[in-house]
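Each chain, written out:
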Amino acid sequence: MKIVAGNSNRPLADAISQYLKLPPARSQVKRFADMEVFVEIQENVRGQDVFVIQSTSFPANDNLMELLILIDALKRSSARRITAVLPYYGYARQDRKPGPRTPISAKLVANLIERAGADRVLTVDLHAGQIQGFFDIPTDNLFAAPVMVRDIEDQYGTENLVVVSPDVGGVVRARALAKRIDVPIAICDKRRERPGESEVMNVIGDVEGKRCILIDDIVDSGGTIVNAADALLEKGATEVVCYVTHGVLSGGAVSRIQNSRLKALVITDSILPTAAVQAARNIRVLSIAPLLGEAILRTSREESVSSLFY
């Protein structure tokens, strides 16, 4: 087995390698003066089971191209099997046609990864589960829920707790987490007036006098969870903590979170945290390196991955 790390999230790749007690394969990923990506695998991978670790986070197009070229280099180096490990699958929010003459970019990215030569895909908390069906190769969608559950139990316990979905689309995710810790759920009814903006209109469920755990897969602008927190507190919640797998946090999101009424935003390191995120007083980062490392190990050994979650 070989681990090959792209440049999108080196600390996570190093942490996975430490978990596996396997140093990353020597490789060189650099750019020419015009920003073309150049890749060279500097050790033998012929006949090896290779895992390429690369999130397609900001800058999404550069990191995606780097992933494709890494896969192509390994394919041409006669690797036995290539697994693309994407802790964060970029373009996942473009999983359907929202209107006429619009693309389904999540499917296009799936096609690109397949055509580059990947034999398997390993990712975490896809924005929409049906994206697994966009691939014609085996695709494992891991869940960060076990990592979050341990942190919730350690930090807050389960007494007087309610899990909240910030919108109707996240109810399945909220119900799954609530079932793990045996607490009730509530739902924020959100109406989005225009892209990038949201307004919480109503709270469905009893949150008065309770600590609320908001759960979502992606936080980008932060508007949805900030509005949801305000609505919950106005309905009598004592405090609101938000757990999100992928901390995109673009634009002024970090400042918005810091100035909000959220007690804490807890994200994973699927995306490399920026300096602003690391310095924020109410943003905390959980590592999913052990989760990914164990999934990689089981995949290499042809063992069950789903038993990590069920």
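Read on for a plain summary of the structure. (Residues numbered from 1 in each chain as written. Predicted model: local features only at pLDDT ≥ 70, side-chain atom pairs only at ≥ 80, totals over all residues. Heavy atoms only, no water.)

### A short note on the packing of aromatic side chains
- Here the structure, examined in full by the defined rule, presents three aromatic pairs.
- Consider the rings of Tyr89 and Phe135, whose centres lie 6.0 Å apart with planes at 70°: the pair is edge-to-face. Taken together, the positions of Tyr89 in the loop between strand E5 (81-86) and helix H3 (105-116) and Phe135 in the loop between strand E6 (120-124) and strand E7 (139-142) put the pair 46 residues apart, joining distant regions of the chain. (Phe/Tyr/Trp six-rings, centres within 6.5 Å; stacked < 30°, edge-to-face > 60°. Helix = DSSP H or I, 4+ residues; strand = E, 2+ residues; numbered from the N terminus.)

### Some details on H3
- Its twelve residues give H3 an end-to-end C-alpha distance of 16 Å, which sits within 8% of 16 Å, the value for a rise of 1.5 Å per residue.
- When H3 is considered as a whole, its buried residues turn out to be Ser105, Ala106, Val109, Ala110, Ile113 and Ala116. Around the axis of H3, the buried residues are gathered within 150° of arc, so they sit on the same side.
- Looking at the buried residues of H3, the elements they touch are helix H2 (60-75), E5 and E6. (Expected span 1.5 Å × (residues − 1). Buried < 20%, exposed > 50% of the residue type's maximum accessible area, 1.4 Å probe, protein only. Arc of directions from axis to C-beta. Contact = heavy atoms within 4.5 Å.)

### A few points about the nonpolar core
- Of all hydrophobic cores here, the largest spans 41 residues; its most connected members are Ile16, Leu142, Val163, Ile213, Tyr243, Leu292 and Ile296.
- Discounting chain neighbours no more than four positions away, the residues touching Leu292 are Leu12, Ile16, Val85, Pro87, Val124 and Leu142.
- The next biggest cluster of nonpolar side chains, apart from the first, holds 35 residues, and it includes Ile41, Ala110, Leu126 and Ala128. (Core = buried A, V, L, I, M, F, W, Y, C linked by side-chain atoms within 4.5 Å.)

### Re the state of the cysteines
- Per the stated rule, a full pass over the model turns up zero disulfides.
- The structure places no disulfide on Cys212, whose sulfur is separated from the nearest cysteine sulfur, that of Cys188, by 8.1 Å.
- Looking at Cys212, the relative accessible area reads 1%, which means it is buried. (Disulfide = S-S within 2.5 Å.)

### Focus on the pairing of strand E4 (residues 49-53)
- Where burial is concerned, most of E4 is hidden: five out of the five residues are buried.
- Here strand E1 (residues 2-5) pairs with E4 via four bridges, running parallel. Along E4, the bridge assignment pairs Ile3 with Phe51.
- Pairing of E4 with E5 involves five bridges; the strand directions are parallel. Residue pairing for E5: Val52 is matched across the bridge by Ala84.
- Read as a crossover between parallel neighbours, the route from E4 over H2 to E5 is right-handed. (Pairing = 2+ DSSP bridges. Right-handed = clockwise from strand over helix to strand, strands pointing away.)

### Quick word on the pattern of salt bridges
- Using the criterion set out here, one finds 16 salt bridges in the structure.
- One salt bridge connects Glu43 with Arg26, and the closest N-O pair in it is separated by 3.6 Å. Highlighted residues: Glu43 in the loop between strand E3 (37-41) and E4 and Arg26 in the loop between helix H1 (10-20) and strand E2 (27-31), separated in sequence by 17 residues.
- One salt bridge connects Asp49 with Arg81, and the closest N-O pair in it is separated by 2.9 Å. Highlighted residues: Asp49 in strand E4 and Arg81 in strand E5, separated in sequence by 32 residues. Each member of the pair, Asp49 together with Arg81, is buried. (Salt bridge = Lys/Arg side-chain N within 4 Å of Asp/Glu carboxyl O.)

### Section: H2
- Counted at 1.5 Å a residue, the expected span for H2 with its 16 residues is 22 Å, and the 23 Å between its end C-alpha atoms agrees.
- Taken as a whole, H2 has its buried residues at Asn63, Leu64, Glu66, Leu67, Leu68, Leu70, Ile71, Ala73 and Leu74.
- Structurally, H2 contributes buried residues whose contacts are with E1, E2, E3, E4, E5 and H3.

### Description of the sheet that holds E6
- Taken in spatial order, the five strands of this open sheet run E1-E4-E5-E6-E7, and their pairing is parallel. The outermost strands of the open sheet, each flanked by one partner alone, are E1 and E7. Each neighbouring strand pair of the sheet contributes to a mean axis angle of 20°, computed without reference to strand direction.
- Note that E5 and E6 share four bridges and pair parallel. Among the inter-strand pairings, Thr83 is bridged to a residue of E6, identified as Arg120.
- Contacts from helix H9 (residues 289-300) reach E1, E4, E5, E6 and E7, with the element oriented near 155° to E4. (Axes fitted to C-alpha atoms, helices over the stretch in contact; angles between N-to-C directions.)

### Thoughts on the side chain of Asn9
- Relative to the assigned elements, Asn9 resides in the loop between E1 and H1.
- Among the polar contacts listed, one links the side chain of Asn9 to the backbone oxygen of Asp269, at a separation of 2.8 Å.
- Beyond its immediate chain neighbours, meaning those up to four positions away, Asn9 contacts Asp269, Ser270, Ile271 and Leu272. (Polar contact = N/O pair within 3.5 Å; in protein donor to acceptor, adjacent residues only side chain to side chain.)

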